[in-house]
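In case you want the letters, here they are:
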Amino acid sequence: MSDHPSPITHHHPALAIWLTGLPASGKSTIAAALKPKLEALGCTVEVLESDAVRRLLTPTPTYSEQERDLFYRALAFMGARLVAHGVTVIFDATATKRAYRDCARSLIPKFIEVAIECPLELAIQRDYKGTYQRGQRGETSTVPGLQSPYEPPLNPEVRVDTRKVEADAGARMIMQVVKDITL
Ligand SMILES: Nc1ncnc2c1ncn2[C@@H]1O[C@H](COP(=O)(O)OS(=O)(=O)O)[C@@H](OP(=O)(O)O)[C@H]1O
Ligand SMILES: Nc1ncnc2c1ncn2[C@@H]1O[C@H](COP(=O)(O)OP(=O)(O)O)[C@@H](O)[C@H]1O
């Protein structure tokens, strides 16, 4: 035995969790509730939030199909590299097309897709960033759900219906699946 044993660590296997849903559905709120729960399990966690990453990759986003295709390939690649190095990733991003989330799934062995469910009318009421209002005023033409099609997941590992489930309870539902797939 070594004279200098390594400190005891409790590393949890890294995985990725993609929170997808309409703008203002509750993704960031649930990500914030989820992060400390993953950390308590021993995960090192990075949240990749689309708006934050866009500020770097596409500082003046057009949300064109071509730009979204490129953006989501880059986001999936980034997430996959982090997971490969032991960091658990929360993707906090609408990702309008299923193919965007499927691309990440194909690159990441342990992957959980979470449908953050919220009817468009309620998301429009929540509209705390004014995204839908800008669309309704005709200042933008690319808001998911309102002006660009949004493809919700067909078979997500978890569904959180934010009309019925509080953010913390939603995070606990996700944690149950995390524990199931990493046992
Ligand atoms: N003009 C315009 N068009 C589209 N989206 C807009 C626009 N302006 C702002 N936003 C905010 O950007 C978020 C959508 O980006 P995402 O990367 O999450 O999704 S997607 O590319 O639309 O699929 C989404 O934020 P989330 O609330 O994080 O989903 C929108 O609030
Ligand atoms: N059950 C719920 N889960 C998550 N957010 C909720 C819920 N109920 C109400 N909200 C509110 O909805 C808004 C969602 O905002 P946010 O989490 O930033 O959405 P998104 O990241 O999807 O754009 C917040 O003001 C949040 O407090």
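Remember, it's a predicted structure, so these values are computed and weren't measured experimentally.

J.: Describe helix H2 (residues 50-57), listing the residues and the values that go with them.
T.: For H2, the set of buried residues is Ser50, Val53 and Arg54. On an axial view of H2, the arc spanned by its buried residues comes to 105 degrees, and they lie on one face. Residues of H2 that are exposed and angled more than 90 degrees away from the buried face: Arg55 and Leu56.

J.: Just give me the short version of the site of ligand 1, but keep the residues and values in it.
T.: Around ligand 1, a shell composed of 19 residues is seen, among which Arg54, Arg68, Tyr72, Thr94 and Thr142 lie nearest. Within the contact set of ligand 1, an oxygen atom lies 2.7 Å away from a side-chain nitrogen or oxygen of Thr94. Within the contact set of ligand 1, a nitrogen atom lies 2.7 Å away from a side-chain nitrogen or oxygen of Thr142. For ligand 1, the accessible surface in isolation is 590 Å², of which the surrounding protein chains cover 93%.

J.: Requested: an account of unusual backbone geometry, with residues and values cited.
T.: For Tyr63, which is not glycine, the phi torsion reads 60 degrees and is therefore positive. Considering the arrangement of structural elements, one finds Tyr63 in the loop between H2 and helix H3 (65-84). Taking the relative accessible area as the measure of exposure, Tyr63 reaches 27% and is therefore partly exposed. The phi dihedral of Ala95 falls on the positive side, at around 50 degrees, and the residue is not glycine. Positionally, Ala95 belongs in the loop between strand S3 (87-92) and helix H4 (98-107).

J.: Pulling in residues and values, what's your account of the environment of Pro23?
T.: Mapping Pro23 onto the fold places it in the loop between strand S1 (16-20) and helix H1 (27-40). Owing to a relative accessible area of 13%, Pro23 belongs among the buried residues under this scheme. Put simply, Pro23 and Pro144 are 121 residues apart on the chain and 7.1 Å apart in space, counted from C-alpha to C-alpha. Setting aside residues no more than four positions away along its own chain, Pro23 makes contact with Thr94, Ala123, Tyr132 and Pro144.

Procedures and definitions
- Residues numbered from 1 in each chain as written.
- Chains lettered and ligands numbered in written order.
- Predicted model: local features only at pLDDT ≥ 70, side-chain atom pairs only at ≥ 80, totals over all residues.
- Heavy atoms only, no water.
- Buried < 20%, exposed > 50% of the residue type's maximum accessible area, 1.4 Å probe, protein only.
- Helix = DSSP H or I, 4+ residues; strand = E, 2+ residues; numbered from the N terminus.
- Arc of directions from axis to C-beta.
- Near = heavy atom within 4 Å.
- Polar contact = N/O pair within 3.5 Å; in protein donor to acceptor, adjacent residues only side chain to side chain.
- Areas by Shrake-Rupley, 256 points an atom, 1.4 Å probe, with all protein chains shown as cover.
- Contact = heavy atoms within 4.5 Å.

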